[in-house]
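Topology and contacts: notes
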Amino acid sequence: MQESGGSSSGQGQGGASLCLEWKQLNYYVPAQEQSNYSFWNECRKKRELRILQDASGHMKTGDLIAILGGSGAGKTTLLAAISQRLRGNLTGDVVLNGMAMERHQMTRISSFLPQFEINVKTFTAYEHLYFMSHFKMHRRTTKAEKRQRVADLLLAVGLRDSAHTRIQQLSGGERKRLSLAEELITDPIFLFCDEPTTGLDSFSAYSVIKTLRHLCTRRRIAKHSLNQVYGEDSFETPSGESSASGSGSKSIEMEVVAESHESLLQAMRDLPALGVLSNSPNGTHKKAAICSIHQPTSDIFELFTHIILMDGGRIVYQGRTEQAAKFFTDLGYELPLNCNPADFYLKTLADKDGKENAGAVLRAKYEHETDGLYSGSWLLARSYSGDYLKHVQNFKKIRWVYQVYLLMVRFMTEDVRNIKSGLIAFGFFMITAVTLSLMYSGIGGLTQRTVQDVGGSIFMLSNEMIFTFSYGVTYIFPAALPIIRREVGEGTYSLSAYYVALVLSFVPVAFFKGYVFLSVIYASIYYTRGFLLYLSMGFLMSLSAVAAVGYGVFLSSLFESDKMASECAAPFDLIFLIFGGTYMNVDTVPGLKYLSLFFYSNEALMYKFWIDIDNIDCPVNEDHPCVKTGVEVLEQGSYRTADYTYWLDCFSLIVVAVIFHIVSFGLVRRYIHRSGYY
């Protein structure tokens, strides 16, 4: 291993060094084979491709490592495998100071910064960090301490002036720094960054990597204990190290930079006020960061203390940045003058047309130099990590009920911030109500000719509520899956809390729209029947909307795109409508009508309207059969007439909604667990 004891040791003033090691990591994925027959694809035995091949290495606190390689070299896969954010067929070991790390432990001591920002764009920078602090800090942390932590992070990453700007209005560099601030809420020891400079201009990219460099190499002082920031279960400074963090050492130690790098030294002096992060729980530890990066500029490349070069899923070099040139020179690959080293290394690896395969040559030399290093015992003895992990395990998240409450607040805040689109949708919804009221306003007294009109108007009421709400939510999970995968995967909150909060956030909307929609039609058609019928019909329509939300969420969870969900809803709609009691006599297919939420809605509305009607005009000269009472109308439509019919249908709609939601939750949970979190 190309290694030196400089900044990696981390002993002394920086506190005890932590070493994260990975050994013989292999990752397999099913091969994508072209075929026109999806059934055959499902039945035949899958061929697997190995994306990672025996990847081994390590990183210590104080290191800032760049993973370099061409497209498809396995950079992001290695990053996700080390951080244990990867799902699927992954083999190998990841240990911290000789102790095997479980997935949940790794998510507690590390953070994963994705390539693209995944957050709620309508929140301001401050609101986003404050919201996340509730989930990522100890449950006993006070609001004042959370606000102070957020203010410190905004100052540290240079976003204090943009604290109250919505995320959608921030620049690309500011969004990257906000994502970094979010990951620093828990003050993790290890940072995993997937192409943090993608989409940024050179200055913003340099600023982001410079901040990471400073986090890794600076001296960190524990001015406050975890009691003040995270709650009662604190992380205490190990005995013997308190002197290193005394009151006289409140400044941040800058690493020594050679005179030839005076411009770098000056740039690091201009960093944001990272000293405010000294009052964090892991104050005795430097950080370690590892980044996959694509074609860094020369000044960005010089900020990294170590690099990892990858080719075809294998590591061909890992060591200090300044020693890489000698590694290449020893094999006859001379670094040209005034050339970006990163460009030279990547170009050399990509050159497959020469007399020899450069990647194979480099890999052979690297494997020769590291032979036996990872085959035996681990690099560091089991010394300090056990005490650290013990305190990490004492971390207490906020309770499930509070998670639901906070997520509901976020959903409602999003709706309020997107009020324009919501008002437009509500306007079209009310246009439908006005249209129906005009179409059926001619219904006068209860005669033989108006029986069918009343049935048709009630059927349209039911249909509009169910279709509006079911199709209105089919976009939810396809659009929210990136956020759910990331935040649930990171342990920010439970998937059940997210799902329950999502469902509950629709309940007040369903009742509000249900009664408003009915008000327009009731005032035009049914106003002679009194206020109690209005309340009963509005309650039933609101429950229909709630059940429709369950139906729509079910369709949404079946597919990964809202387009597929809406297109594949047609056969479900057809079945439910046929057995709804309007298009056919449901008594001819006993039992099937209970599969349709349209049936419960239609039956309850018809029951409430007709059950108290004792007399319907029936002229003597009528040519068609004459119904004389409301009960006869119900019997003619094969609806029940028992006293409990209305409340049974209400209960049935709730049961239907619960069944849909249980199935949907299972589908979403299965998808997230299968697809991974990054």
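Structure first, text after, so check above.
What this report covers is the structure whose coordinates are included nearby. (Residues numbered from 1 in each chain as written. Predicted model: local features only at pLDDT ≥ 70, side-chain atom pairs only at ≥ 80, totals over all residues. Heavy atoms only, no water.)

1. Observations concerning the packing of aromatic side chains
This is how the line gets drawn: Note on aromatic contacts: the rings of Phe and Tyr and the six-membered ring of Trp form a pair at centre separations within 6.5 Å, being stacked when their planes are under 30 degrees apart, edge-to-face when over 60 apart, and tilted otherwise. Whether a residue is buried, partly exposed or exposed follows from its accessible area with a 1.4 Å probe, protein chains only, as a fraction of its type maximum: under 20%, in between, or over 50%, in that order.
Summed over the entire model, instances satisfying the criterion amount to 34 aromatic pairs. On the numbers, 6.2 Å between centres and 70 degrees between planes, the contact of F327 with F328 is edge-to-face. When its relative accessible area of 3% is taken as the criterion, F327 is described as buried. Taken together, the aromatic side chains of F301, Y317, F327, F328, Y333, F344 and Y345 make up a single cluster linked through ring pairs.

2. Examining the pairing of strand 7 (residues 190–194)
For clarity, the threshold we go by: The numbering of helices and of strands both runs from the N terminus, where a helix is a DSSP run of H or I of at least 4 residues and a strand a run of E of at least 2. Two strands make a pair as long as DSSP finds a minimum of two bridges between them.
Strand 7 sits mainly inside the fold: five of its five residues count as buried. Relative to strand 7, strand 6 (residues 110–113) runs parallel, the two being bridged by four bridges. For S111, the partnering residue across the bridge sits in strand 7 and is L191. Pairing of strand 7 with strand 8 (residues 288–292), which is carried by five bridges, proceeds in the parallel orientation. When the sheet's bridge partners are listed, C193 is paired in strand 8 with C291.

3. Things to note about the packing of helix 18 (residues 476–489) against helix 20 (residues 531–558)
Heads up, the rule is: Helix axes are fitted to C-alpha atoms over the stretch in contact, other axes to C-alpha atoms as well, and angles between N-to-C directions run from 0 to 180 degrees. Geometric relationships in this document are graded by angle, where less than 35 degrees denotes roughly parallel, more than 145 denotes roughly antiparallel, 65 to 115 denotes roughly perpendicular, and other angles denote oblique. In this scheme the crossing of two helices becomes right-handed for a clockwise turn of the near helix relative to the far one and left-handed for an anticlockwise turn of less than a right angle. Contacts are assigned to residue pairs with any non-hydrogen atoms lying within 4.5 Å of each other. Note that Gly is not counted as nonpolar here; it falls among the polar residues with everything else outside the nonpolar set of Ala, Val, Leu, Ile, Met, Phe, Trp, Tyr, Cys and Pro and the charged set of Asp, Glu, Lys and Arg.
Taken N-terminus to C-terminus, the directions of helix 18 and helix 20 make an angle of 60 degrees; their axes are 8 Å apart at the nearest point. Here helix 18 lies oblique to helix 20, going by the angle between them. Pair helix 18 / helix 20 crosses with right-handed handedness. Contact residues: I476, F477 and P478 in helix 18; V553, S556 and S557 in helix 20. A class-by-class count of the residues in the contact of helix 18 with helix 20 yields four nonpolar, two polar and no charged.

4. Section: unusual backbone geometry
Positive phi is not limited to glycine here, since Q24 has a value of about 55 degrees. The phi torsion at D54 lies on the positive side, around 50 degrees, for a residue other than glycine. Mapped onto the secondary structure, D54 falls in strand 2 (residues 48–60). The class of D54 is partly exposed, set by a relative accessible area of 35%.

5. Quick notes on empty space enclosed by the protein
The test is simple: A cavity, in this analysis, means grid points on a 1 Å lattice covering only the protein atoms where a 1.4 Å probe fits yet has no way out; a pocket is instead an open set bounded by protein on both sides within 12 Å along at least five of seven lines, and a residue lines either one if it has an atom within 4 Å of a point. Grid points are joined across faces, edges and corners, and a volume is the space filled by probe spheres set on the points.
On inspection of all chains with the given rule, the structure shows four cavities of 30 Å³ or more. Taken together, 13 residues form the lining of the second largest cavity, with T107, R108, K136, T186 and E490 sitting closest to its centre. At the level of secondary structure, the elements contributing two or more residues to the lining of the second largest cavity comprise helix 3 (103–109), strand 6 and helix 4 (125–136).

6. Regarding the pattern of salt bridges
When charged atoms on two side chains of opposite charge get close, those side chains can pair. Our working definition: A pair is scored as a salt bridge if a Lys or Arg side-chain nitrogen falls within 4 Å of a carboxyl oxygen belonging to Asp or Glu.
Following the criterion strictly, the structure yields 12 salt bridges and no others. Its salt-bridge partner being E490, residue R85 comes within 2.7 Å of it at the nearest N-O pair. Taken together, the positions of R85 in the loop between helix 2 (75–82) and strand 4 (89–96) and E490 in the loop between helix 18 and helix 19 (495–526) put the pair 405 residues apart, joining distant regions of the chain. Each member of the pair R85 and E490 is classed as buried. Look at the salt bridges and you will find they share partners, linking K136, E182, E183 and R486 into a network.

7. Topic: the layout of surface pockets
Over the atoms, a rolling probe the size of a water molecule traces out where space has been left empty. Within this model, the largest pocket holds a volume of roughly 1200 Å³. Around the largest pocket, the lining is made up of 33 residues, and of these F411, E414, D415, Y475 and F506 lie nearest the centre. Of all the elements in the fold, those that place two or more residues in the lining of the largest pocket are helix 15 (400–417), helix 16 (419–439), helix 17 (448–472), helix 18 and helix 19. Sort the elements by how many residues they give to the lining of the largest pocket and helix 19 lands first, with eight residues. Residues belonging to the lining of the largest pocket are distributed by class as follows: 22 nonpolar, seven polar and four charged.

8. A closer look at the pairing of strand 3 (residues 64–69)
Among the six residues of strand 3, six are classified as buried, and the element is accordingly described as predominantly covered. Residues L64, A66 and L68 point to one face of strand 3 and I65, I67 and G69 to the other, with burial holding for every one of them. Taken together, the four bridges between strand 3 and strand 8 define a ladder with parallel strand orientation. Residue I67 lies in a different strand from strand 8, and its bridge partner there is S292.

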